[in-house]
Amino acid sequence: LTEKYDSEGEFLKLKSRLVVDGSKQDREAYDMDVSSPTVSCSSVYTVAAIALKEGRHVMTGDVGGAFLNAFIPSGITIHVKLGSTNAALLCQIRPVYNKFLDHSGEMLVKLDKALYGCIMSARLWYDTFCSFLEKLGYTPNLRDGCVFNKVSDNGIQSTVLFHVDDVMATCADKKMLKELEDELL
């Protein structure tokens, strides 16, 4: 839990990120590749140089709650114990869950979406984000699986590259970047 304040010191909100201790998971129990690629430094430098040379606009951002967009595949069960603080917060938001609290105020939950820390979460997010980009008409680069390109009807190329949930996109046409931004929101 982290308290967030504005520039004047006024309290804005409580922010919480639930993180799983993946070290307790057995990698051998998964019948899938749990590793996830990340964009290479040379790809970042190359795309930045092309953007400069071609006068492209650059957009960067972070996909909030990225892993929560990736579903755990059917047939895979991951249970997580919520400590008393997080369990109490959950019950405060949804009182119906009070019946699942144990004697110490903790709760065992089954995940249906990926969480930070699970050994397969980064891979599930990677697969989810690649599918998302492909549905938008982007195609993966043959040399770097974290670089995607799309060419518009009038021949303008948009390039997206990402490192987990951090995204950079370049394009000479601001409209194409705005369309991507709108889809990401």
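A quick note: this is a predicted structure, and the numbers were derived from the prediction, not measured. (Residues numbered from 1 in each chain as written. Predicted model: local features only at pLDDT ≥ 70, side-chain atom pairs only at ≥ 80, totals over all residues. Heavy atoms only, no water.)

Caption draft 1: Structural view of a nonpolar patch on the surface. A cluster of nonpolar residues, Leu1, Tyr5, Phe11 and Leu14, forms a patch on the protein surface that exposes about 440 Å² of accessible area. Following the sequence through the fold, Tyr5 ends up in strand S1 (residues 2-5). (Patch = residues over 30% accessible without salt bridge, like charges linked within 9 Å, V, L, I, M, F, W, Y side chains within 5 Å. Areas by Shrake-Rupley, 256 points an atom, 1.4 Å probe, with all protein chains shown as cover. Salt bridge = Lys/Arg side-chain N within 4 Å of Asp/Glu carboxyl O. Helix = DSSP H or I, 4+ residues; strand = E, 2+ residues; numbered from the N terminus.)

Caption draft 2: A look at the sheet that holds strand S3 (residues 57-62). Ordered in space as S3-S9-S8-S7-S6, the five strands form an open sheet in which the pairing is antiparallel. Lying at the two open borders of the sheet, with one neighbouring strand each, are S3 and strand S6 (139-140). Inspection of the sheet shows strand S8 (residues 157-163) paired to strand S9 (residues 166-171) by six bridges, in the antiparallel sense. Among the inter-strand pairings, Thr159 is bridged to a residue of S9, identified as Thr170. Contacting S6, strand S7 (147-151), S8 and S9, helix H3 (residues 121-135) crosses the sheet at an angle of about 170° to S8. (Pairing = 2+ DSSP bridges. Contact = heavy atoms within 4.5 Å. Axes fitted to C-alpha atoms, helices over the stretch in contact; angles between N-to-C directions.)

Caption draft 3: Spotlight on the pattern of salt bridges. If you walk through the whole model with that rule in mind, you get five salt bridges. When the shortest N-O distance is used, the salt bridge between Arg123 and Asp127 registers 3.1 Å. Taken together, the residues span about one helical turn, with Arg123 and Asp127 both in helix H3 at a distance of four residues. With relative accessibility at 18%, the residue Arg123 sits in the buried group. (Buried < 20%, exposed > 50% of the residue type's maximum accessible area, 1.4 Å probe, protein only.)

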